[in-house]
Amino acid sequence: MHNEYITINCIIDKRDKLTLLKYTHIDITKISKVLKPIVIDLMEQYYKHVKDFHNINKDYKKYKKIKLSVEEQLKDMEFIKEKFIEYFSKPGFKTKEDLFTYLFAFQISEIYFNEYIYNVLIEALKEDFDKDFWNKYKINEHELGGLSFPDVFILKNPKDNMSIGQADHNFKNSVIIINDSLDNRLNNNDRITNKLNLIKDFNVVLKNYYCEDFAIFNMPYQDSINDLVDNIKVSRDFEKSKQLIKRK
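Owing to the predicted nature of the structure, the values given are computational and were not obtained by experimental measurement.

Calculation rules
- Residues numbered from 1 in each chain as written.
- Predicted model: local features only at pLDDT ≥ 70, side-chain atom pairs only at ≥ 80, totals over all residues.
- Heavy atoms only, no water.
- Patch = residues over 30% accessible without salt bridge, like charges linked within 9 Å, V, L, I, M, F, W, Y side chains within 5 Å.
- Areas by Shrake-Rupley, 256 points an atom, 1.4 Å probe, with all protein chains shown as cover.
- Salt bridge = Lys/Arg side-chain N within 4 Å of Asp/Glu carboxyl O.
- Helix = DSSP H or I, 4+ residues; strand = E, 2+ residues; numbered from the N terminus.
- Contact = heavy atoms within 4.5 Å.
- Buried < 20%, exposed > 50% of the residue type's maximum accessible area, 1.4 Å probe, protein only.
- Arc of directions from axis to C-beta.

Here we come to a nonpolar patch on the surface. Residues F214, I216 and F217 make up a contiguous nonpolar surface patch of about 390 Å² in total accessible area. Note that F217 resides in the loop between β3 (208–209) and β4 (219–220).

This brings us to the environment of K126. As for its position among the elements, K126 is in helix α6 (residues 110–126). Setting aside residues up to four positions removed in sequence, K126 forms contacts with W134 and E143.

Even without a glycine there, the phi angle at Q107 is positive, about 75°. Residue classification places Q107 among the buried residues on the basis of a relative accessible area of 18%. Within the chain, K138 stands out as a residue other than glycine whose phi angle is a positive 55°. Secondary-structure assignment places K138 in the loop between α7 (131–136) and β1 (153–154).

So, about helix α2 (residues 14–22). What α2 keeps buried is the set D16, T19 and L20. Along the axis of α2, the buried residues cluster in a sector spanning 105°; they form a single face. The exposed residues of α2 that point more than 90 degrees off its buried face are K14, R15, L21 and K22. Those residues of α2 that are buried are in contact with α5 (96–105) and α6.

Moving on to the pattern of salt bridges. Opposite charge on two side chains makes pairing possible when the charged atoms of those side chains draw close. As enumerated under the stated definition, the model contains 14 salt bridges in all. A salt bridge links D230 to K200; its shortest N-O distance comes to 2.6 Å. Of this pair, D230 sits in helix α10 (residues 221–239) while K200 sits in helix α9 (residues 188–201), placing them 30 residues apart in sequence. Judged by relative accessible area, D230 falls into the partly exposed class, the value being 31%. On the accessibility criterion, K200 (23% relative accessible area) is partly exposed.

Set out below in structure tokens:
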């Protein structure tokens, strides 16, 4: 069971609650150990953006109308992060509902989370495959373009939220977390294979967004990661020296 203050007081959008019901049986246990520190890093960056905005504006007269609400939200964020760490540190089955309970409570939208994780996974992939490889096998055809983070919102009323702009993100720590989770006793080829499999396993927390009216706004995060990893795996086979493969 999750903390009642979080589930009742912090998740205030009906759409979020309906989304959680859809994710009750989606198992993320396999990646939860690696996912936990990545989510913590995102929460800390998101929190810093809200905190910095608050510190810059707290003395302005217009801001004083919402000052107390923002201060309460910052306290909630600290509490939610603490409970997230506590819950995801326990062994056992974890679901996508568990994950998004804390994300929605933290006021991180699903598309915001998808954008962040997708960027982390792309950075992790490009670390092992240079531009020459990327261009030679046209991997970029499966990569999403035009990525842009949604704004950060404050206030706890979904009908009266206030945008405070886009947060600056650093993906380096999360890429390091992915790399550190791999078995460094393996040779480089096997390590990369494991990394590709791990990155594809992350598709369980991603979602596809399609716009019927304007295809340019389509953001199929999940399909893109699947296609990228599959194309990289196949392209690696073409890199192998065929002369070394003999009939047996």
